[in-house]
Amino acid sequence: MEEELNEEYYKNERKTEWRDKLRKEIKAKERTDISRIKMPEADPNVRNKSNLEVNKGLTLEMALAESHRCLDCAVPTCIVGCPVGTNIPKFIKYLEAGDVLGAAEVLKENNSLPAICGRVCPQEIQCEAQCFYVKKLSKEGAAIGHLERFVADYAREHGPTTIPALAEPNGIKMAVIGSGPAGLTVAGELAKFGYDVTVFEALHDLGGVLKYGIPEFRLPKSIVDYEINTIKNMGVKFITNFIVGKTATIDDLKEEGFVAFFIASGAGLPNFMNIPGENYSGIQSANEFLTRVNLMGGADANFDTPVHTGKNVVVVGGGNTAMDSVRTAKRMGAERAIIMYRRSMEEMPARGEEIKHAIEEGIEFINLASPIEYFADERGKVNKMRVQKMELGEPDASGRRRPVVIEGSEYDIDVDSVVIAVGVSPNPIVQQSMPELEITKWNTIKVDGNMMTSIPGLFAGGDIVRGGATVILAMGDGRKAASGMHAYVQADVFAKI
Amino acid sequence: MFKIIEKKFLSENVARLVIEAPYIAKSRRAGHFIILRIDKNGERIPLTISDADVEKGTISLIVQRVGVSSHKLCAMNAGDFILDVVGPLGKATHISNVGTVLCAGGGVGVAPLFPIVQAMKLAGNRVITIIAARNKDLVILENEMAEYSDELIVMTDDGSKGTKGLVTQGMEEVILREKVNEAIVIGPAIMMKFAALTTKKYDIPTMASLNTIMVDGTGMCGACRVSVGGKTEFVCVDGPEFDAHKVNFDEMLSRLGAYKDKESENYSEYVKSCEATSLN
């Protein structure tokens, strides 16, 4: 979507002898007759009581079978659907040829976190939505995400620990603020250019939303750590417990020799609904709930951090964060783990796969309903919520049908705890420390086409620019910003010669 | 890893820890706090910076034993390391010369009050400080406070030191005696609630520094939220200081008790494990 397709480049690669031969080995008709591989999944009634990864990953046989479906199209539209421009047919054909490690190298060309993207990217609205099968044959697209995950996992488990080729170190210091997907991507790309990169992280652990937000059953922490280690092995330095704008300012870091900066501090300010009783204890943001469980070990008796759950847990919202929260509550023993969403199932912004998994795991859905007030016991702990029913009206600006209140439809639900997952706003800390930085009316940071902010040398990307978006869009920003920073610093260096 | 340089008990249950944290020492201002995590299984707890030494690169924290984390922290000694310390967090106190400032601290709230007293004095104010505690053993930072206060009033609930009575009585006496332009109150939520009611009677602008439950301390989780003038604010990024006359202290008190059951459960487990260790 973001990157222009360089058709000549892809055409020339496609013309290489081995790919030509591979294409001709199986007729297109035979390829399109193969049905899409199904991702093996852990048993819903086992996994909803544990942290087992839900998607178990493809076997080599399954991955090879799926690779045969890819037609290696003359115009690979799938690539246009990828925010980081992964050369999809090339990696799939390496896989089909039996060279899994070669396929992994292809993934690494444009994506420093393939095992993560293979798991959490919404491929169904990106690469796979642009697949020839979907566009022209009205069939299910090639399972690009599953294959990406397979290749990245295989390389991690079987391949040598390699790092991408790096340019000669140039000694120029670059700072990255935040170690989430945008920050990690920029750090990796800048290291490839030969820069001396330091990543500053506010929390005590690296990975940002990949650690505190996405649960273990969807993205094992060991995989995130492996990818971060690769970036460490590329020479990138990481400093935890360091809040740029607080511990030291950007000006302080300039004095320490940093010449360009990338702000990727994320969308870390949870939205609440501002309804009566919302500050009773037992009502928490999804960020708080997930951080207590994922980052602080709140569900594990060996850790000191407590977390609210209970028999009846309601999660308000219909996005991926809401699904992560409700499925986490279920795993912590909730008898009723409920999603409450103000529109219907069809408008739900969460990925289809997450909704499917949630239903299988016994999550209840109360759609077309929204809380209007909370009630508490004598100690101020929430015990009941008042809900109003909704119906769908005319489409709103987002194109989705607007929920309209049904008057007189209120009813009460007993709850032990409530999780509010109705979106996030940009984290204010960096902006507060730099009043001259231009921001939008949504408090996101303004950037130009190269991701540079209103202050020269200061770049930004990910949720701090977009509001709440996805891992892969943050990574796309990171790639673009790294090129922008490289161009900026090179121009600066030449200007001084 | 952050090294403990010095540790000293100020009273039976209150210890001062001096910790090596050069960046924080340099950046911190009065009113700022830090968040620390003792070890990999620990929780993240907020503590106000009570003092700092830029040259030595150290910050001072004052901690009262109440639960598992504070007990563990008080059991640590010079030479030990705290796994994570991050800060300075929150907005710094707005310091200006307003005339006469009444600073009232209750219990361990005297610790975060100290840097404010110091800064208010250095800004040229007449500073009257009241430090209140249940009894004489719990009075802390008396000498430090005296050094930066034009007048220091010590009050204890049982009269074992200074004047017998509650902090609000001491405040009212001062207010009736002379013109007070601004008040700052820090202490247990219940103390701040009544201190705020006292100054409200006399229309004295009053700031309270809130010590709510936090996780990240950077605005990310909202655990610290409080109602101020009917609007939800985050103590970590919008505070920790707010107009004391607008804070909903009852809501804050109930939110502070949010994990009480689990905390006391954890605490008795901890005490048992300590006893088991000492028996061996």
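Look a little higher up for the structure.
Residues numbered from 1 in each chain as written. Chains lettered and ligands numbered in written order. Predicted model: local features only at pLDDT ≥ 70, side-chain atom pairs only at ≥ 80, totals over all residues. Heavy atoms only, no water.

Draft legend 1. Broad picture of the pairing of strand β9 (residues 126–133) of chain B. Residue and element names in this part refer to chain B. Summarising burial for β9: seven of the eight residues are buried, a large majority. Two elements, strand β8 (residues 100–106) and β9, share seven bridges in a ladder whose sense is parallel. Bridge pairing links Val 101 to Val 127 in β9. Handedness of the crossover joining β8 and β9 through helix α3 (residues 110–122): right-handed. Chirality of the crossover, the property in question, places the unit of β9, helix α4 (residues 142–148) and strand β10 (residues 151–156) among those that are right-handed. (Buried < 20%, exposed > 50% of the residue type's maximum accessible area, 1.4 Å probe, protein only. Helix = DSSP H or I, 4+ residues; strand = E, 2+ residues; numbered from the N terminus. Pairing = 2+ DSSP bridges. Right-handed = clockwise from strand over helix to strand, strands pointing away.)

Draft legend 2. Quick peek at the nonpolar core. Grouped together as the largest cluster of nonpolar side chains are 74 residues, with contacts concentrated most on Ile 88, Phe 91, Ile 116, Val 151 and Phe 262 of chain A. For this core, the leading source of residues is helix α21 (residues 471–496) of chain A, giving eight residues. For Ile 88 of chain A, the residues in contact, after removing those within four places along its chain, are Cys 78, Ile 79, Cys 82, Cys 127 and Ile 144 of chain A. Residues Leu 89, Ala 195, Leu 210 and Phe 249 of chain B belong to the second largest nonpolar core, which totals 59 residues. (Core = buried A, V, L, I, M, F, W, Y, C linked by side-chain atoms within 4.5 Å. Contact = heavy atoms within 4.5 Å.)

Draft legend 3. Region of the structure containing the interface of chain B and chain A. At the junction of the two partners, chain B supplies 45 residues and chain A supplies 41 residues. Taken over both partners, the interface formed by chain B and chain A buries close to 3600 Å², and the fraction arising from carbon and sulfur atoms is 50%. Inspection of the region where chain B meets chain A yields one salt bridge. Between Lys 72 of chain B and Asp 304 of chain A there is a salt bridge, and its shortest N-O distance comes to 2.9 Å. (Buried area = accessible area lost by both parts, 1.4 Å probe. Salt bridge = Lys/Arg side-chain N within 4 Å of Asp/Glu carboxyl O.)

Draft legend 4. Structural detail: the side chain of Glu 354 of chain A. With respect to the helices, strands and loops of the structure, Glu 354 of chain A is situated in helix α18 (residues 352–360). Those residues in contact with Glu 354 of chain A, other than ones at most four positions away along the chain, are Arg 218, Asn 320, Met 323 and Arg 327 of chain A.

Draft legend 5. Region of interest: helix α16 (residues 286–295) of chain A. Residue and element names in this part refer to chain A. Of all ten residues in α16, ten are buried; the element is thus mostly enclosed. Regarding α16, the residues found buried are Ala 286, Asn 287, Glu 288, Phe 289, Leu 290, Thr 291, Arg 292, Val 293, Asn 294 and Leu 295. At the exit of α16 stands Gly 297, carrying a positive phi of roughly 70 degrees.

Draft legend 6. Up close: a negative patch on the surface. All names here are of chain A. Side chains of Asp 251, Glu 255, Glu 256 and Glu 436 sit close together on the surface and give a patch of like negative charge. With respect to the helices, strands and loops of the structure, Glu 255 is situated in helix α15 (residues 250–255). When its relative accessible area of 71% is taken as the criterion, Glu 255 is described as exposed. (Patch = residues over 30% accessible without salt bridge, like charges linked within 9 Å, V, L, I, M, F, W, Y side chains within 5 Å. Areas by Shrake-Rupley, 256 points an atom, 1.4 Å probe, with all protein chains shown as cover. Lys, Arg positive; Asp, Glu negative; His and termini not counted. Charge placed at Lys NZ, Arg CZ, Asp CG, Glu CD.)

Draft legend 7. Local environment of the pattern of salt bridges. All names here are of chain A. Scanning the entire structure with this criterion turns up 54 salt bridges over all chains. For Lys 24, the salt bridge is made with Asp 20, and the minimal N-O distance between the two is 3.6 Å. You can see Lys 24 and its partner Asp 20 sitting in helix α2 (residues 17–25), four residues apart, about one turn around the helix. What makes Lys 24 exposed here is its relative accessible area of 65%. The exposure class of Asp 20 is partly exposed, given its relative accessible area of 28%.

Draft legend 8. A look at unusual backbone geometry. Here the bond from Gly 87 of chain B into Pro 88 of chain B is cis, since omega is -5 degrees, no more than 30 degrees from zero. You can see Pro 88 of chain B is positioned in strand β7 (residues 84–89). Of note, the amide linkage connecting Gly 239 of chain B to Pro 240 of chain B takes the cis form, showing an omega dihedral of 10 degrees. By the secondary structure assignment, Pro 240 of chain B is in the loop between α7 (235–238) and β16 (241–243). The phi dihedral of Asn 274 of chain A is positive, around 55 degrees, even though this residue is not glycine.

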